Structure formats: C-alpha cells, structure tokens
Amino acid sequence: MTALEDRIKQWGTELGFRAVGIADVDLSEAGARLADWLGMGWHGEMDYMARHAGLRERPADLVPGTLRVITCRMDYLQNEAGPLEEELADRERAYIARYARGRDYHKLMRSRLQRLCDRIEAERGPFRHRAFADSAPVMEVELAARAGIGWRGKHTLLLDREGSWFFLGEIYCDLPLACDSEKENHCGSCERCIAVCPTRAITAPYRLDARRCISYLTIEHKSAIPEELRPLIGNRVYGCDDCQLVCPWNGFARLSEEDDFRVRNGLDRAALVELFAWNEAEFDERMRGSPIRRIGYERWLRNLAVGLGNAPTSSEVIVSLKEKMNHPSSLVREHVLWALARHGLAA
C-alpha cells in the first residue's frame, strides 16, 4: 500500500493536480460543528446543507464501504492578483470572483479524478470508488485539511503556503491507504480576512454567517437581497474575493496553466452597463460552460442592478437602469427601482 500511495500522488501530479492527500473518514467533530452552524440558521436558503447533514458527516453512508478519501487540489489563478483596492477601484466595472471568469471547473475536475481512478484500477484491480467535485454532500475543506492539503483559514476556506486560489475534488474509496498528517495552522494572529469583509459575514475566526456573505448573496440566495446589505456589495456581481485578496499567503500563489480557467467574455474588465444590456439569449450563449450560468438570467440582472445602484451616477447608468424598469420579473424590478433611488430618481 505504501508504494501505491506514492504512485497515486505521482499520478495526480501528472494529471495536473498541485497536491494530493489521503484522509480518514471520522468526521464526528466536524459534524458537531456543522450541527451548531445549522442550528443558528447561518446557512440561509441553502436547505440542502441541513437536508444532507448526516451524509456529510458519515462518508460511508454516502458511498458504502468508504474507508479513505483521496483529496486533490487544482489551482485556477490566471494572472497576478493585485491589491484589494486596485481590484475593486473601478466601480463602473463588474467584479466577478476569479474562479468564475473561465469555464466551469466541475467537468474538468471530475474528468481528472476519474482518470486518476482509472490509473489506480489499472495498477491494483477493481476497487469501490466515487469521485466528487462539489457535486454531493461532502465536507471538502475538512477532508482536505485532514489530508494535509492545507489548513482551514479564519475565513473558513482552505489555505496553505501557496494561498487559496484552488479547487478541491475528492475520491471516496474502499482502499485501506495510510492517511497523511494534517498541516500546522500558519494564520497566527493575522485577522485581515475578518477585518476586510464588507458585510461582516465572518463573525469570528472560523465562523461564517453565510446570510451576510456576498458570495452567498450573489450566488446561492434566490430571493431579494436584503436592502441594508446592498450598498455594502459594491460592484461585486458574482462572488467575492476580498478575504483572499488580503491574505498574505496569497502573495505566494502560483499561476495555473489550465486553459479552461482562462478568462472568457472579458469578465475581468467588463462594464456593468455592458453586462446589464445582454438579453436572456445572449446571457445563455455567452455563459455557456460558465459557472455563472447556474444562477440564471433573473438573478444575474438582480446582481447587476445592485452593482449599478452602487456605481457613480452617470447618464449611461441611468439609461441602462430605466430600460429594465418594466422588466417582467418583480425581483429584477425591485432591485432596479432601488438602484434608481440610489441615484436620486424616484419610481
């Protein structure tokens, strides 16, 4: 098994994974923390978090026979991340989380994980396994930390000495592999991620109220964004990278060579009014293969309306918003009218 463990990591590197680790499946302590988090209602509209909590805590219930979890890390950073102030300086532009500027990573990750499974099977014969890429109730950060891929940062994301700009994928398997050692936490006394959060969603180290998180509000939240939080969102229209941009460890991040993660549709510099002008057919076509397409056109317009409400007042912004005043969606209309009011125009 020791030889197999070494080969699994070597094959993973050859397949483009930056790191591969192995974890056990006793997640009882993490399960207790999850229950506490759910009990406070901090999961918001993510009902699936509560519905499948037991499966997250007990991997063998999700995939019978699971003894170990092989965790793989795939980096996605495509160009150097600048200081937070520079990244968000132009309020006429839409800020889109860096992970979502290219193609959706799920298919690529699952494909690479399956190729790794195929190599393992070719080496030692059939084994029970199942690969996941954010596609099932899996405690991926907890498992990755246990597998020695990194440590949990105070913002609750996984972090290591090369930062946090990476995706995680897992292989649940019945192989009795030796587990890797957990890494030491190197956050020290730093709390920059907590201090920078625009909506104060990080209430304390390792405690995140998703209901206030901009990533949650612009991606997972299906209804109207709470009015008191809208001004704090600024021009962030899909996700938020603030806590990662200020993290000192991300100063050591390496760039990814994966073509799938290259920026598409100019999403690293697109103007809010440009994106707001897309009709639904354009949105569907341009966002084909993008994680952004998952939120749908209605929520896309909702998010952009908030961004336009926070943009500098200009005739271009006003005209753009007025064009959507009578949009068929009440959700869109509500946010457009709010945005116009921000620019001093009553409905």
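Residues numbered from 1 in each chain as written. Predicted model: local features only at pLDDT ≥ 70, side-chain atom pairs only at ≥ 80, totals over all residues. Heavy atoms only, no water.

Chemist: Where do I start with the overall build of the protein in this structure?
Modeler: Broken down by element type, the protein carries 17 helices and 10 strands. Scaling as 2.2 N^0.38, a compact globule of 347 residues should have a C-alpha radius of gyration of about 20 Å, and the protein matches this with 21 Å. Seen through its principal axes, the protein has C-alpha atoms that stretch 70 × 40 × 35 Å. Across the 347 residues in the protein, those meeting the buried criterion constitute 53%. The long-range fraction of contacts in the protein, counting pairs at least 24 apart against all pairs at least 6 apart in sequence, stands at 77%. (Helix = DSSP H or I, 4+ residues; strand = E, 2+ residues; numbered from the N terminus. Rg over C-alpha atoms; globule rule 2.2 N^0.38 Å. Buried < 20%, exposed > 50% of the residue type's maximum accessible area, 1.4 Å probe, protein only. Contact = heavy atoms within 4.5 Å.)

Chemist: Would you explain the nonpolar core in this entry?
Modeler: Nonpolar side chains in soluble globular proteins tend to end up buried together. Ranked by size, the top nonpolar core spans 76 residues in total, and within it Ile292 and Trp300 carry the most contacts. Considering each element in turn, this core owes the most residues, 7 residues, to helix H15 (residues 296-309). Excluding residues within four positions of it along the chain, Ile292 makes contact with Ile96, Ala100, Tyr238, Leu267, Phe283, Met287 and Trp300. Formed by 35 residues, the second largest nonpolar core is a distinct cluster that contains Leu108, Leu113, Leu175 and Leu245. (Core = buried A, V, L, I, M, F, W, Y, C linked by side-chain atoms within 4.5 Å.)

Chemist: Sorry, what's going on with the packing of aromatic side chains here?
Modeler: How two aromatic rings sit relative to each other is set out by the distance from centre to centre and by the angle between their planes. This model, assessed by the stated rule, comprises 12 aromatic pairs. Ring plane angle 80° and centroid distance 6.0 Å describe the contact between Trp151 and Trp249, whose orientation is recorded as edge-to-face. With Trp151 in strand E5 (residues 151-152) and Trp249 in the loop between helix H12 (242-245) and helix H13 (272-276), this residue pair connects regions lying 98 residues apart in the sequence. Accessibility expressed as a relative area gives 19% for Trp249, which makes it buried. A centroid spacing of 5.8 Å and a plane angle of 50° characterise the contact between Phe283 and Tyr297, whose relative ring orientation is tilted. Taken as a pair, Phe283 in helix H14 (residues 280-286) and Tyr297 in helix H15 lie far apart in primary sequence, 14 residues in all. The exposure class assigned to Phe283 is buried, which follows from its relative accessible area of 0%. Residue Tyr297 is classed as buried on the basis of its relative accessible area, which comes to 10%. Through a chain of ring-to-ring contacts, three or more aromatic side chains come together here, namely Tyr76, Tyr99, Tyr105, Trp165, Phe167, Tyr238 and Phe261. (Phe/Tyr/Trp six-rings, centres within 6.5 Å; stacked < 30°, edge-to-face > 60°.)

Chemist: When you look at the packing of helix H16 (residues 315-322) against helix H17 (residues 330-342) in this model, what are you seeing that I'm missing?
Modeler: With their axes 10 Å apart at the nearest point, H16 and H17 run at an angle of 155° to one another. In terms of axis orientation, H16 runs roughly antiparallel to H17. You can see that H16 and H17 cross each other, and the crossing is left-handed. Facing Ile318, Leu321 and Lys322 of H16, the residues of H17 in contact are Val336, Ala339 and Leu340. Classifying every residue of the contact of H16 with H17 gives 5 nonpolar, no polar and 1 charged. (Axes fitted to C-alpha atoms, helices over the stretch in contact; angles between N-to-C directions. Parallel < 35°, antiparallel > 145°, perpendicular 65-115°, else oblique. Left-handed = near helix turned anticlockwise from the far one by under 90°. Nonpolar A, V, L, I, M, F, W, Y, C, P; charged D, E, K, R; others polar.)

Chemist: It is not clear to me how the pairing of strand E7 (residues 166-173) should be interpreted in this structure. Could you clarify?
Modeler: A regular strand places its side chains so that they alternate between the two faces of the sheet. Counted residue by residue, E7 has 8 buried out of 8 residues, so it is predominantly covered. Every second residue of E7 is oriented toward a common face, with Phe166, Leu168, Glu170 and Tyr172 on one face and Phe167, Gly169, Ile171 and Cys173 on the other, all of them buried. Relative to E7, strand E2 (residues 68-75) runs antiparallel, the two being bridged by 8 bridges. Considered in E7, the bridge of Arg68 is made with Cys173. Sheet topology note: the strand E4 (residues 129-132)/E7 ladder contains 4 bridges and is antiparallel. Bridge pairing in E7 places Ala131 opposite Ile171. (Pairing = 2+ DSSP bridges.)

Chemist: It is not clear to me how unusual backbone geometry should be interpreted in this structure. Could you clarify?
Modeler: Outside of glycine, negative phi angles account for most residues, and trans bonds account for most peptide bonds. Phi is positive for Thr156, close to 85°, though the residue is something other than glycine. Checked against the element boundaries, Thr156 lands in the loop between E5 and strand E6 (158-159). One non-glycine residue, Arg200, lies in positive phi territory at about 55°. On the secondary structure map, Arg200 appears in the loop between helix H9 (192-196) and strand E8 (202-204).

Chemist: Please clarify how the environment of Arg342 should be interpreted in this entry.
Modeler: Within the secondary structure, Arg342 sits in helix H17. Given a relative accessible area of 41%, Arg342 falls into the partly exposed group. Remark: the alpha-carbon pair of Arg342 and Asn310, spanning 32 residues in sequence, is separated by 7.4 Å.

Chemist: Would you explain the pattern of salt bridges in this entry?
Modeler: Oppositely charged side chains are able to pair whenever their charged atoms sit close together. The tally for this structure, following the rule as stated, stands at 27 salt bridges. The shortest N-O distance in the salt bridge between Arg18 and Asp75 comes to 2.9 Å. Here Arg18 is found in the loop between helix H1 (2-14) and strand E1 (19-23), whereas its partner Asp75 is found in strand E2, with 57 residues between them in sequence. Among the residues examined, Arg18 registers a relative accessible area of 33% and is labelled partly exposed. Judged by its relative accessible area of 6%, Asp75 is buried. Note that Arg93 is salt-bridged to Asp90, the shortest N-O span being 3.5 Å. Through salt bridges with shared partners, a single ionic network connects Arg18, Arg73, Asp75, Asp160, Glu162, Lys183 and Arg254. (Salt bridge = Lys/Arg side-chain N within 4 Å of Asp/Glu carboxyl O.)

These values are about where atoms sit, not about what they do.
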